[in-house]
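# Examination of the molecular architecture
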Amino acid sequence: MTAEVDREERRRRVWGATLLRALVLVATFLALVAFSMALAKVTLTPSPVSEDLVRANLRPGRSLRQYAEDYTFLAACKQAGGNLLLGVPFGILLPILVPRRLRMLRMVMLTVTVMVVIELVQGALVAGRAFDIDDAILNTSGALLGYLLVGRWVSHRYHVLAEGTTRAEAAPEPKAKRKFAPKSGPRSKTKSKLASKLMTKPKPKPSSKTKATPVSKAKSKVKPKSKSRSRAAAGRSASGLVASGRALFGRLLTRDR
């Protein structure tokens, strides 16, 4: 029961994480589409009034110097701040859509590409607008600022969630442990006997050296006893011969008398 409950909870977590991931992707894509439409409306709208005043700028910093010299403080802040704000959504939305590795570098490269293309279209097709390299620099700076303030944290949380769901989906499900009851019968008895025999350590057998030592000692002890016995037997036999010889000699003397 516990294994089944764990599986159900795990499936719910995986499904919830994948659903949240899909919702975040859809919301990011829709927000990026809406921002692209607003950006196109702001940057690609013709302005016939300023057609004689606007000129192309290929030198970085030239327009910024013009803002400081010819414009008022509020007008300069509005012009430069507007270009910065146009790049902030790129720094928030693009890191979610690009891979986690080198996401800041990829975000900057995509922002630079999009802004340069927009400036080229402005200078070539839109009346009253011209290509300005300072606008692309300000837009890219705004994207980098948005990434450092918000986009970094949001993209980190999203990619951590995505990696967690992929690992949970790829991980195998835990198998339930089966408990085997011991079987009663002749086979179980024989198995228990064999196990007890295997568990008991065999006693070490005496080696040939240990056997040879007591035998050699016994032989060494027996040899002096056999020599003493043979000497005693030889002495007894010699004394018996002497006694028998004396008895015969005594008998002969009594007969002669």
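Report on the accompanying structure. These numbers were taken from a predicted model, which means no experiment stands behind them.

Moving on, we get to the pattern of salt bridges. Evaluated as defined, the whole model comprises one salt bridge. Of the charged contacts, one joins R100 and E163 as a salt bridge, the two residues approaching to 3.1 Å between their closest N and O atoms. Taken together, the positions of R100 in the loop between helix 3 (73–97) and helix 4 (103–125) and E163 in helix 5 (residues 133–170) put the pair 63 residues apart, joining distant regions of the chain. Judged by relative accessible area, which is 29%, R100 ranks as partly exposed.

This paragraph deals with the nonpolar core. Residues L39, F90, L94, M107 and M115 are the most contacted members of the largest nonpolar core, which totals 13 residues. Contributions of two or more residues to this core are made by helix 1 (2–43), helix 3, helix 4 and helix 5. Tallying contributions element by element places helix 3 first for this core, with four residues. Apart from residues no more than four positions distant in its own chain, F90 is found in contact with F35, L39, P95, M107, T111, V114, M115 and A143.

Quick look at the packing of aromatic side chains now. This model, assessed by the stated rule, comprises two aromatic pairs. Between F35 and F90, the ring centres sit 5.0 Å apart and the planes meet at 80°, which makes this aromatic pair edge-to-face. In this pair, F35 sits in helix 1 while F90 sits in helix 3, placing the two residues 55 residues apart along the sequence. One exposure class covers both F35 and F90, and it is buried. Both rings, one in Y67 and one in Y71, keep their centres 5.3 Å apart while their planes meet at 85°; by these two values the pair is edge-to-face.

Here the focus is a positive patch on the surface. There is a patch of like positive charges on the surface, built from R55, R59, R62 and R65. Within the secondary structure, R62 is located in helix 2 (residues 62–70).

Calculation criteria
- Residues numbered from 1 in each chain as written.
- Predicted model: local features only at pLDDT ≥ 70, side-chain atom pairs only at ≥ 80, totals over all residues.
- Heavy atoms only, no water.
- Salt bridge = Lys/Arg side-chain N within 4 Å of Asp/Glu carboxyl O.
- Helix = DSSP H or I, 4+ residues; strand = E, 2+ residues; numbered from the N terminus.
- Buried < 20%, exposed > 50% of the residue type's maximum accessible area, 1.4 Å probe, protein only.
- Core = buried A, V, L, I, M, F, W, Y, C linked by side-chain atoms within 4.5 Å.
- Contact = heavy atoms within 4.5 Å.
- Phe/Tyr/Trp six-rings, centres within 6.5 Å; stacked < 30°, edge-to-face > 60°.
- Patch = residues over 30% accessible without salt bridge, like charges linked within 9 Å, V, L, I, M, F, W, Y side chains within 5 Å.
- Areas by Shrake-Rupley, 256 points an atom, 1.4 Å probe, with all protein chains shown as cover.
- Lys, Arg positive; Asp, Glu negative; His and termini not counted.
- Charge placed at Lys NZ, Arg CZ, Asp CG, Glu CD.

Treat this as a map of the structure, not an account of what it does.
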